[in-house]
Amino acid sequence: MFGLIARRILWAIPVMFIVASATFLLVRIVPGGPFDEDKSLPPEVLQNIKAKYHLDRPVHEQYFFYMDRLAHGDLGISYKYVHRTVNDILANALPVSIELGFAGLLIAICVGIPLGCLAAVRRATTVDYLCMFLTTAGISVPGFVVGALLIFVFGIWLRILPVALWESPRHVLLPALTLAAGPTAYLARLTRASVLEVMEKDWVRTARSKGLSAQATIIKHVLRNSLMPVVTVLGPLTAILITGSFIVEYMYAIPGMGRFFITAVTNRDYDLIMGTTLVFALLLIIANTLVDLAYTVLDPKVRIEG
Amino acid sequence: MSSSLEQLSIQNPGEPDPNSDLSRDESYANKRRIRRGPVQEAWRRLKSIPTAYVAFWLILFMISMAILSAFGIHLTAYNYDETSLQTIANPSWSHLMGTDELGRDLLTRIIYGSQLSISIGLVTAGIALVVGTIYGAIAGYYGGTLDSILMRGVDIAYSLPDLLVMILVGVLVGHGTIGILFALGLVSWMGTARLVRAQFLQLQHEEFIEAARASGQSTFWIITKHLLPNALGPIIVALTFTVPSAILAESTLSFIGLGLSPPACSWGTLAADGWRALRTHPHLIFFPSLFIFTAVLSFNFLGDGLRDALDPRTRVKSK
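What you see is a predicted model, and the numbers here were worked out from it, not measured in a lab.

K.L.:
Teacher, can you tell me more about the nonpolar core here?
P.N.:
Within soluble globular proteins, side chains that are nonpolar generally end up buried alongside one another. Formed by 151 residues in total, the largest nonpolar core has its most connected members in Phe246(A), Phe261(A), Ile167(B), Phe255(B) and Trp267(B). Counting residues per element, this core draws most heavily on helix α11 (residues 219-255) of chain B, at 15 residues. Non-local contacts of Trp267(B), meaning those with residues more than four positions away in its chain, are made with Met62(B), Ile110(B), Gly113(B), Ser114(B), Ser117(B), Ile118(B), Ile247(B), Pro288(B), Phe291(B), Ile292(B) and Ala295(B).

See below:
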């Protein structure tokens, strides 16, 4: 297992290198730079600013300069948040986003998996149809609509929950619910399909025919085996959560990664765009490694050599 | 007795007795079975799924609404850019969904915006169809190392968060309609590619493909005439799911200010406008959201329905 982890870490280095290079090219080859809007600046001043951030050099020199810094763990300086390094911004933003992400994930797991099981067990009944309708609605509704609805009901109409910023646990509730809507529906559908598949298996029928109650069969035999595919979606789920964080952090004015990413793109804040993108890539790699680890732990049949 | 004998003698011996109820039913059934092609069969099955059937008509309604609006026919008494002094009015009989900050009728603007939103969804599905089919066909038909490399690429592209890629690419290609379509196309072809490849790999070893090869037909002909038509069902289903995700992605991008922006008018930009007035005039975000939700939900239900209707495995079960 340690071999697997070591191999994954070795793999992550070239992947991160490719992500960094691709993002670098993507944001630098576009005409226009971070200081275009400041039209009032005299050319000399603009020249000085560009020199300060090494933006006056040819692109390939900038690239080597950036890569050199990156290799030393320095992600550069933000152009718009003056005097703040990208490392500093990310160090503050990442814990916020991770908190939000885990809160969302927790809700999704606690609601989605039981919902999916319920639908599968009550297959082809009203309960099942209702669950399926709800989950299809859940994947069809844009995150901003959920957010707007929650903000309107709990923040503006009932006035019982704060609708912006990130200060107390009470501030976590609405954003986490907004973030969880999509993943909950996704997990519920997946769990339902997985449980249905396992319920068809011979050993489930054997368990039932040996006189085990339906409830016990489901808890002891079906659930454990059907959670396997559910664990493996942690990778895609991380992607969904990252995507969701863009919208949620934008709507609730939460100082997290998603919000900084969006403002960085809007401002053409090169180093901050790259910094956030690299952290997202790292999160995805970690999630996918965890999935592989979970495979080896949960299913003795799968042993990834390494 | 004699009359019935007469009738019998007139009758052609090969033909079933037209007076017998049983034979009439049988020939009727035969005729029906022959006449019913795969499309009619799928349609009949789709009709038996209520959500999909309702979704189908809703989608048809929205598409015709968009087409009519493209010809300048809105179902309302206003024009999409017609301003009035009744700014940010609440819904009333004269303005069913209220008006925006310039006094433009919201319902008219939503109908006008459906042109952009729906066509973005459909065009993205078109891009996914072309790119995904070609990519998947190459991987599936040639197999081997080429297939492994191509599919590795799909795996990587698949694991990236769509919105992240679209936002980054958006920096490069800009935030116009073409830029959005490019970004959407870039993140939506992988599903189709995987599907086409899987179908091709499965069909490769069927006898009719071997026969086609043996009779010296060209690769292009085998792919387009023998392989693709057999993979059509799953492709259609995948495309039906591409449309709603494209509509969702466009509206989300526009909402966070990295997609279309005014004067372009889509459901996403309308919702983004409404977001700013949520506290005072919630109807401005409610109605565009309702349309996005309904359209996306309908396409998802239609996709679910089509999957069941076109899947030969469930077909056996229902009979």
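The structure having been displayed, the exposition proceeds.
K.L.:
How do you make sense of the packing of aromatic side chains when you look at a structure like this?
P.N.:
On inspection of all chains with the given rule, the structure shows 18 aromatic pairs over all chains. Centroid distance Phe246(A) to Phe261(A): 5.1 Å. Interplanar angle 25°. Geometry classified as stacked. Of the two residues, Phe246(A) sits in helix α10 (residues 234-251) while Phe261(A) sits in helix α11 (residues 257-267), which places them 15 residues apart along the sequence. Both residues of the pair, Phe246(A) and Phe261(A), belong to the buried class. Consider the rings of Phe246(A) and Phe280(A), whose centres lie 5.6 Å apart with planes at 65°: the pair is edge-to-face. Taken together, the positions of Phe246(A) in helix α10 and Phe280(A) in helix α12 (residues 270-298) put the pair 34 residues apart, joining distant regions of the chain. For Phe280(A), a relative accessible area of 2% puts it in the buried group. Among the aromatic residues, those joined into a cluster by ring pairs are Phe24(A), Tyr63(A), Phe64(A) and Tyr66(A). The ring centre of Tyr158(B) lies 4.1 Å from the NZ or CZ of Arg194(B), which sits over that ring.

K.L.:
I would appreciate a short explanation of the environment of Lys225(B) in the present structure.
P.N.:
With respect to the element layout, Lys225(B) can be found in helix α11. Given a relative accessible area of 48%, Lys225(B) falls into the partly exposed group.

K.L.:
Hey, could you run me through the environment of Arg224(A) in this one?
P.N.:
Residues and elements named next belong to chain A. The residue Arg 224 is located in helix α9 (residues 214-232) in this model. The class of Arg 224 is exposed, set by a relative accessible area of 68%. Counting along the chain gives 29 residues from Arg 224 to Val 195, while the straight-line C-alpha distance between them is 9.5 Å.

K.L.:
Please explain the interface of chain B and chain A as it appears in this structure.
P.N.:
Interface size is commonly expressed as the accessible surface area that is lost when the partners come together. Listed per partner, the contact involves 30 residues of chain B and 36 residues of chain A. The junction of chain B with chain A conceals about 3,100 Å² of combined surface from both sides, 82% of it contributed by carbon and sulfur atoms. In this structure, the connection of chain B to chain A is made through one salt bridge. A salt bridge links Arg189(A) to Asp304(B), with the nearest nitrogen and oxygen atoms 3.5 Å apart. Summed over the shared surface of chain B and chain A, the number is two residue pairs in polar contact (both at pLDDT 80 or more).

K.L.:
Sorry, what's going on with the confidence of the model for chain B here?
P.N.:
The predicted structure's coordinates, where accompanied by low pLDDT, should not be read in detail. Residues and elements named next belong to chain B. When pLDDT is averaged across chain B, the result is 81; 86% of the residues are at 70 or more. Scored below 50 in pLDDT, residues 1-18 makes seven contacts in the model with residues more than four places away or belonging to other chains. Confidence over residues 315-319 falls short of pLDDT 50; this stretch has six contacts with residues more than four positions distant or in other chains. For this predicted complex, the interface confidence reaches an ipTM of 0.85, while the overall pTM sits at 0.84.

K.L.:
Help me out: how do you make sense of the packing of helix α4 (residues 86-121) of chain A against α10(A) in this one?
P.N.:
To characterise two packed helices, one gives the angle between the axes of the helices and the distance between these axes. All names here are of chain A. At a minimum axis separation of 10 Å, α4 and α10 run at an interaxial angle of 115°. With respect to the hand of their crossing, α4 and α10 are arranged in right-handed fashion. Contact residues: Ser 97, Leu 100, Gly 101 and Leu 105 in α4; Leu 234, Leu 237, Leu 241, Val 248 and Glu 249 in α10. For the contact of α4 with α10, the residue count by class is six nonpolar, two polar and one charged.

K.L.:
Help me understand the side chain of Thr136(A), please; the structure alone is not making it clear to me.
P.N.:
Inspection of the secondary structure puts Thr136(A) in helix α5 (residues 126-140). By relative accessible area, Thr136(A) is classed as buried at 2%. Engagement of the side chain of Thr136(A) in a polar contact is seen with the side chain of Arg189(A), the distance being 2.9 Å. Excluding residues that lie within four positions of it along the chain, Thr136(A) makes contacts with Arg189(A), Leu297(B), Asn300(B), Phe301(B) and Asp304(B).

K.L.:
Please explain the pattern of salt bridges as it appears in this structure.
P.N.:
Pairing is possible between side chains of opposite charge, provided their charged atoms come close. Scanning all chains against the criterion turns up 12 salt bridges over all chains. With a shortest N-O distance of 2.8 Å, Asp155(B) and Arg194(B) are connected by a salt bridge. With a gap of 39 residues between them, Asp155(B) in helix α6 (residues 144-159) and Arg194(B) in helix α9 (residues 190-203) connect regions that are remote in the sequence. The class for Arg194(B) is partly exposed, based on a relative accessible area of 32%. Among the ionic contacts, a cluster of salt bridges with common partners joins Arg189(A), Asp304(B) and Arg307(B).

Thresholds, definitions, all that
All chains use their own residue numbering, which begins from 1 and follows the written sequence. A letter from A marks each chain and a number from 1 marks each ligand, given out in the order of writing. Selection of residues for local features in this predicted model requires a pLDDT of at least 70, selection of side-chain atom pairs for listing and counting requires 80 or more, and totals for whole chains, interfaces and linings are taken over all residues. As a convention, hydrogens and water are excluded, and side-chain values are obtained from all of the structure's heavy atoms. By nonpolar core is meant a set of buried Ala, Val, Leu, Ile, Met, Phe, Trp, Tyr and Cys residues that side-chain atoms within 4.5 Å join together. A 1.4 Å probe rolled over the protein chains alone gives each residue an accessible area, and that area as a share of the maximum for its type sets the label: buried under 20%, exposed over 50%, partly exposed in between. Secondary structure elements are taken from DSSP: a helix is a run of H or I of four residues or more, a strand is a run of E of two residues or more, and numbering for both begins at the N terminus. For this analysis, residues touch if any pair of their heavy atoms sits within 4.5 Å. Stacked, edge-to-face and tilted labels apply to pairs of Phe, Tyr and Trp rings (six-membered ring for Trp) whose centres lie within 6.5 Å, assigned for plane angles under 30 degrees, over 60, and everything in between, in that order. By the criterion adopted, a ring carries a charge over it if an Arg CZ or a Lys NZ lies within 6 Å of its centre and within 35 degrees of its normal. Defined in terms of a 1.4 Å probe, buried area is the accessible area two parts forfeit on being brought together, summed over both. We define a salt bridge as a contact between a side-chain nitrogen of Lys or Arg and a carboxyl oxygen of Asp or Glu at a distance within 4 Å. Whenever two N or O atoms come within 3.5 Å, that pair is a polar contact, provided that in protein one can donate a hydrogen and the other can accept it, and provided that, for residues adjacent in sequence, both atoms are side-chain atoms. Each residue carries a pLDDT value, the predictor's own confidence for that position, ranging from 0 to 100. Fitting a line to C-alpha atoms yields each axis, with helices limited to the stretch in contact; the angle taken between N-to-C directions then spans 0 to 180 degrees. Definitions for this section: a left-handed crossing has its near helix turned counterclockwise from the far helix by less than a right angle. A right-handed crossing has that turn clockwise. Note on residue classes: Ala, Val, Leu, Ile, Met, Phe, Trp, Tyr, Cys and Pro are nonpolar, Asp, Glu, Lys and Arg are charged, and everything else, Gly too, is polar.

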